[in-house]
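One letter stands for each residue in the lines below.
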Amino acid sequence: MTYLAKPKLLSADAPRNALGYTRRDYEGAISTLCAGCGHDSISAAVVQACFDLDIEPHKVAKLSGIGCSSKTPDYFLGNSHGFNSVHGRMPSVLTGAALANRNLTYLGVSGDGDSASIGIGQFAHAMRRGVNMTYIVENNGVYGLTKGQFSATADKGSKSKKGVINSDSPIDLAALALQLGATYVARSFSGDKEQLIPLIKGALCHGGPAFIDVISPCVTFNNHSGSTKSYDYVREHNAAVNRVDVILPKAQIETSYPPGSLRRVVQHDGSILHLRKLGVDYDPSDRIGAINHLQERQALGEIVTGLLYVNSSVQDMHAHLNTVEKPLNQLGDAYLCPGSKALDALNALLR
Amino acid sequence: MTRVQAIQNCNDFVIKFANVNGSGSSSANELFARAVIRMGVPVAPRNIFPSNIQGLPTWYEVRVSEAGWLGARGGCDMMVAMNPQTWDRDVAAIDPGGYLLYDSTKPLPQSKFRDDITVLGVPLTDICNREYEDPRQRQLFKNIMYVGALLALLDMEFAAAEKLIVDRYRGKDQLIKANVNALRLGYDHAKANLPCPIGLRVKRADAVGDRILIDGNSACGLGAVYGGATVAGWYPITPSTSVIEAFSSYCRKYRTDPDNGRARYAIVQAEDELASIGMVLGAAWNGARAFTATSGPGISLMQEFFGLAYFAEVPAVIFDVQRGSPSTGMPTRTQQSDLISCAYASHGDTRHVLLFPEDPHECFTLGAQAFDLADRLQTPVFVLSDLDIGMNERLCAPFDWDDSRRYDRGKLMTYDELEAGKTFGRYLDVDGDGIPYRTIPGTHPTRGAYFTRGTTRNAYAKYSELGADYVYNMERLRRKFDTAKTLVPAPVLRNAAQPTRYGAIHFGSTGPAMAEASVLLEADDVHVDTLRVRAFPFSDEVMRFIAEHECVFVVEQNESGQLRSLLINEGEIDPKKLVRVLHYDGSPITARFIAGKIANALSDRKVSPITTPLRKVAP
Ligand SMILES: Cc1ncc(C[n+]2csc(CCOP(=O)(O)OP(=O)(O)O)c2C)c(N)n1
Ligand code: SF4
Ligand SMILES: [Mg+2]
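These numbers come from a predicted model, not from an experiment.

Our focus in this paragraph is the coordination of the magnesium ion (ligand 3). Within the protein, the magnesium ion (ligand 3) binds to Asp-112 of chain A (OD), Asn-140 of chain A (OD1) and Val-142 of chain A (O); these donor distances fall in the range 2.1 Å. Taken in sequence order, the residues that donate to the magnesium ion (ligand 3) follow the motif D-x27-N-x1-V.

This is the structure we're talking about:
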């Protein structure tokens with residue numbers, strides 16, 4: 001178990017964000033995951049991202065399926081409502097929640113088993129529907145909670161802890177998300193918080209379906225040699241296409257653009273993504289190019305990370321449904337019930 | 001016509017229309033049914049539509065009954081045979097002495113008819129070809145024309161049908177003129193060439209009152225609008241699809257923001273039933289009133305989520321329009337066979353609230369009430385309708401709504417209460433009724449948030465695997481279910497004309513047939529008190545009714561006696577006391593069937609000792 005040491009008293013000079021909150025205000029219960037589990041690093045990245053973005057914790061709803069990964073929403077944002085739903089079905093629950101109140105920020109947390117195996121259908125349809133959410137898959141290539149069976153993202157030829165070689169082809173969730181209509185698609189590594197935190201921040205500001213596939217090693221069942229989801233393997237094969245910096249609208253005047261920036265993307269809420277190219281010439285506004293790049297590099301055994309695709313002119317599900325501005329869960333009786341007069345008129349038509 | 005006397009009946013007969021699907025016959029047939037109603041005579045129309053026969057034949061049956069019997073009767077006094085493909089069986093289905101109306105354009109050999117019925121031919125195609133150019137018009141007006149002929153044959157008021165057309169197409173004068181003209185053509189032809197009127201007649205009466213004619217699925221959709229539903233997640237399945245279609249069209253009418261045309265509702269067609277119920281739970285967890293509509297196979301797919309909703313205590317409304325199962329099991333035929341799969345849906349020790357509407361009026365009232373119950377009890381509530389009420393128009397009491405009524409949103413802890421320091425334990429029984437308080441996401445910056453999950457938590461929603469916490473929770477859920485007994489709609493008791501040791505329990509669409517059966521039995525001096533159960537869990541009155549009768553028939557439309565099983569299980573009733581009366585061939589249950597079964601069972605019993613004191617005759 002990971003007991004992240006938490007001092008009882010907060011030091012007076014702990015940094016505070018624009019809302020006056022410290023990082024502590026974005027933390028949750030103590031994690032019960034294995035020490036060194038990649039998932040804990042992702043939780044820490046979520047805490048940092050929300051703190052940096054000055055998000056009000058209670059305006060976030062965090063939803064998950066079932067698995068070690070899906071337990072993690074209990075370990076961050078303790079002042080947010082959370083919903084540990086059923087295995088593979090978080091996307092539908094999140095969709096319903098988003099329908100009820102368009103004004104909250106929705107964070108979906110899932111595992112590779114949860115999203116690529118049992119829940120692949122719901123994963124696909126939530127992307128298609130344009131649900132405004134940040135969807136993070138904590139991808140370790142195994143079912144952690146049920147003790148290490150291969151999941152559908154395990155690479156062909158990858159070796160299990162017990163020595164079994166996986167013979168099935170892997171599902172690449174990022175490639176699927178690209179194909180299915182997600183408008184912000186990224187891949188990252190739990191061991192690289194410099195890369196991960198800005199990607200989460202960019203997703204939270206995105207305004208449409210944002211998907212991040214985070215390779216997150218399972219130290220207990222999938223961190224041995226022969227595994228393609230171990231810390232060592234991912235470090236060696238990581239091929240990042242870019243680095244992102246997220247600049248909030250209010251901070252833009254003071255910020256001097258970091259050197260080497262090649263691309264600026266203004267998102268719907270005014271936040272700006274600064275993308276620094278790394279090595280390859282990569283264009284994250286080209287969806288088909290992104291799909292091709294993933295395929296080519298994967299064939300070479302590389303794990304492509306970074307912001308793979310972003311389309312800043314998004315329309316979310318509420319725009320498609322033309323729902324009223326006020327959240328549906330806040331409409332009073334008078335807005336919902338047509339009353340007795342309307343019934344009398346209807347009765348007359350039915351005689 | 002030899003030997004058999006032609007049937008002579010006024011305001012009491014069954015007429016059947018045999019049509020080809022998609023030929024525009026349904027609106028003409030409905031015009032006929034409504035014309036009878038406009039003459040003050042009740043009708044019970046029913047669609048019969050097999051799901052898998054080439055050429056897609058459909059039948060529409062209208063029971064005309066001044067006495068007001070709305071259950072299916074069985075038999076057929078008159079057949080309007082418009083489908084050559086089903087001709088033989090349609091002619092065979094007519095009761096001896098009955099009538100056949102057909103399109104006599106093409107001559108048919110004598111062998112195609114029967115000699116114990118009255119055959120009435122109208123050259124409909126001929127007349128249409130003469131009168132209309134456009135093939136589509138020829139087809140549509142042919143239907144209106146046979147309705148015109150029926151008006152003459154049954155001695156009906158032409159003006160009643162004409163007025164209906166005027167009302168239906170108000171403002172579209174061309175359409176009115178053309179339809180009335182077709183109606184007139186049929187009417188005049190029959191008057192001139194057929195023995196009008198025949199032995200079956202409709203005579204003006206005053207037996208309809210202010211009742212309306214509507215199908216149960218439309219009424220469920222309307223109930224959801226009035227019940228305050230804003231989110232619907234669904235997946236198409238017969239016979240429930242039209243619940244959502246109705247919800248959608250009533251929402252467009254009543255829930256479009258007049259200022260900007262935007263929707264005060266959201267309807268999402270999901271990828272399957274798992275996703276539909278998932279969306280419902282997500283929306284309801286987030287404080288919106290949400291529902292889905294489905295049928296048996298969908299209920300099966302939703303099982304895991306029902307368990308989560310039960311234990312995490314998330315409200316939800318599920319309209320289950322029951323039919324034969326599985327997917328290839330008579331999906332277009334009616335049944336009441338999802339009681340058990342709904343009552344105890346899902347894994348673990350779950351039990352759910354079920355409501356049983358009898359007709360479209362109750363589809364509306366119970367449908368709307370379901371949302372209050374779901375919020376109050378923080379649990380899924382199932383409205384168990386069926387194909388017979390769902391997809392057929394039924395004469396029923398008009399809809400009404402008390403404008404002073406406010407939605408019961410249940411125990412929601414507010415920002416102010418949290419701010420004032422009120423203790424919040426998501427699964428804490430503060431009031432002793434088993435119902436805890438809940439908060440909606442976003443309520444308060446630092447108080448009232450909780451992590452929702454099944455049962456691995458304590459009363460404060462903190463992670464716990466302690467046995468004592470689990471037991472506390474289960475005992476509270478049991479108390480909550482007891483509270484539900486006091487909140488659900490009460491059963492409807494109808495005492496026999498004289499005190500009796502015999503009772504009959506029934507529910508849902510069996511109501512009209514049961515009421516008629518009681519009268520049939522009474523004519524044979526068999527007396528049975530009846531109780532129409534309207535909800536599960538059963539209120540104390542239901543158990544009292546069983547205790548007060550020596551023998552209770554449980555009348556239902558399924559093969560295994562599912563209501564009976566629930567009664568035995570929940571009430572610890574001696575199974576011998578509850579006698580099965582089961583109808584499950586896919587057709588709606590009839591009074592003749594019920595009365596026959598009960599009369600037989602009682603004559604088998606002959607002498608039985610009186611062990612229960614009889615109810616006193618009311619002074
Ligand atoms: C319907 C259902 N089937 C099986 C399970 C058992 N189960 C729990 S977690 C899990 C796999 C989780 O794998 P993943 O999503 O990759 O999460 P991880 O633990 O690896 O983070 C399974 C199969 C379940 N909870 N529900
Ligand atoms: S089993 Fe694996 S995934 Fe689960 S907590 Fe342990 S390291 Fe993490
Ligand atoms: Mg996993």
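Time to look at the UniProt feature "domain: Thiamine pyrophosphate enzyme TPP-binding" (unreviewed entry) in chain A. UniProt's feature table lists "domain: Thiamine pyrophosphate enzyme TPP-binding" (unreviewed entry) at residues 66-214 of chain A, given in the numbering used throughout. Here residues 66-214 of chain A is 34% helix and 23% strand, with 17 Å between the C-alpha atoms at its ends.

Here the focus is the layout of surface pockets. One water molecule sets the probe size; rolling that probe over the atoms shows where empty space is left. All names here are of chain A. Looking at the second largest pocket, its volume works out to about 660 Å³. Along the walls of the second largest pocket sit 27 residues, with Thr-105, Asn-132, Leu-204, His-268 and Asp-269 positioned nearest its centre. Those elements giving two or more residues to the lining of the second largest pocket turn out to be strand E3 (105-111) and strand E4 (133-139).

To continue, consider the site of ligand 2. Near ligand 2, the surroundings consist of Leu-33, Cys-34, Cys-37, His-39, Cys-68, Asn-140, Gly-144, Cys-218, Val-219, Thr-220 and Phe-221 of chain A. Its residues assigned to classes, the shell around ligand 2 comprises 7 nonpolar, 4 polar and no charged.

Glancing now at the nonpolar core. Core analysis: the largest hydrophobic core is formed by 151 residues, its most contacted members being Phe-211 of chain A together with Phe-291, Phe-319, Phe-399 and Ile-505 of chain B. By residue number, the principal contributor to this core is helix H13 (residues 360-377) of chain B, which donates 9 residues. If we ignore the near neighbours within four places in the chain, the residues touching Phe-291 of chain B are Ala-224, Ala-229, Val-231, Ala-232, Gly-233, Val-243, Ile-244, Phe-247, Val-280, Val-317, Phe-319 and Phe-371 of chain B.

All names here are of chain B. On inspection of all chains with the given rule, the structure shows 48 salt bridges over all chains. The residue Arg-34 makes a salt bridge to Glu-30 at a minimum N-O spacing of 2.8 Å. Remark: Glu-30 and Arg-34 occur in helix H1 (residues 25-38); sequence separation between them is 4 residues, near one turn of the helix. One salt bridge in this structure joins Glu-157 and Arg-204, with 2.8 Å as the shortest N-O distance.

Turning next to the interface of chain B and chain A. Tallying the contact residues gives 70 residues for chain B and 58 residues for chain A. The contact between chain B and chain A buries some 5,300 Å² in all, and 61% of this surface belongs to carbon and sulfur atoms. The interface formed by chain B and chain A holds 3 salt bridges in total. In this structure, Glu-271 of chain B engages Arg-129 of chain A in a salt bridge whose closest nitrogen and oxygen atoms are separated by 2.7 Å. At the boundary of chain B with chain A, the tally comes to 28 residue pairs in polar contact (both at pLDDT 80 or more). Among the elements that line the side of chain B that touches chain A, the one with the most residues is helix H9 (residues 273-285) of chain B, at 8 residues. Across the side of chain B that touches chain A, the residue classes tally to 37 nonpolar, 15 polar and 18 charged. Direction of pairing for strand E2 (residues 81-84) of chain A relative to strand E17 (residues 451-452) of chain B: parallel, over a ladder of 2 bridges. Within E17 of chain B, the position partnered with Gly-82 of chain A by the bridge is Phe-451 of chain B.

Reading the values: rules and limits
Position labels on residues start from 1 in each chain and follow its written sequence. Here chains are named by letter from A upward and ligands by number from 1 upward, in the order in which they appear as written. Per-residue local features are limited, in this predicted model, to residues with pLDDT of at least 70; the limit for side-chain atom pairs, both in listing and counting, is 80 or more; totals at the level of whole chains, interfaces and linings are taken over all residues. Calculation of side-chain values draws on the structure's entire complement of heavy atoms; hydrogens and water are dropped beforehand. Because no water is among the atoms considered, metal sites can look incomplete, with donors defined as N, O and S atoms within 2.8 Å of the metal, or 3.2 Å for Na, K and Ca. UniProt positions are given in the numbering used here, feature names are shortened, and annotations may be inferred rather than shown by experiment. Only DSSP runs of H or I reaching four residues or more are called helices, and only runs of E reaching two or more are called strands; each is numbered from the N terminus. A cavity here means a set of 1 Å grid points, computed over protein atoms only, where a 1.4 Å probe fits but cannot escape. A pocket is an open set with protein on both sides within 12 Å along at least 5 of 7 lines, and lining residues have an atom within 4 Å of a point. Grid points are joined across faces, edges and corners, and a volume is the space filled by probe spheres set on the points. A cutoff of 4 Å decides nearness: a residue is near a molecule or strand if any of its heavy atoms lies inside that distance of it. Charged residues are taken to be Asp, Glu, Lys and Arg, nonpolar residues to be Ala, Val, Leu, Ile, Met, Phe, Trp, Tyr, Cys and Pro, and polar residues to be all remaining types, Gly included. Here, the term nonpolar core denotes a set of buried Ala, Val, Leu, Ile, Met, Phe, Trp, Tyr and Cys residues that are joined through side-chain atoms within 4.5 Å. Exposure classes here rest on a 1.4 Å probe applied to the protein chains alone. A residue is buried below 20% of its type maximum, exposed above 50%, and partly exposed in between. When checking whether two residues touch, look at their non-hydrogen atoms; a contact exists if any pair is within 4.5 Å. Counted as salt bridges are all cases of a side-chain nitrogen of Lys or Arg within 4 Å of a carboxyl oxygen of Asp or Glu. Summed over both partners, the accessible area lost on bringing two parts together, with a 1.4 Å probe, is the buried area. Here a polar contact is taken to be a pair of N or O atoms separated by no more than 3.5 Å, where protein atoms must pair a possible hydrogen donor with a possible acceptor and residues adjacent in sequence count only if both atoms sit in side chains. At least two bridges found by DSSP between two strands are what make those strands a pair.

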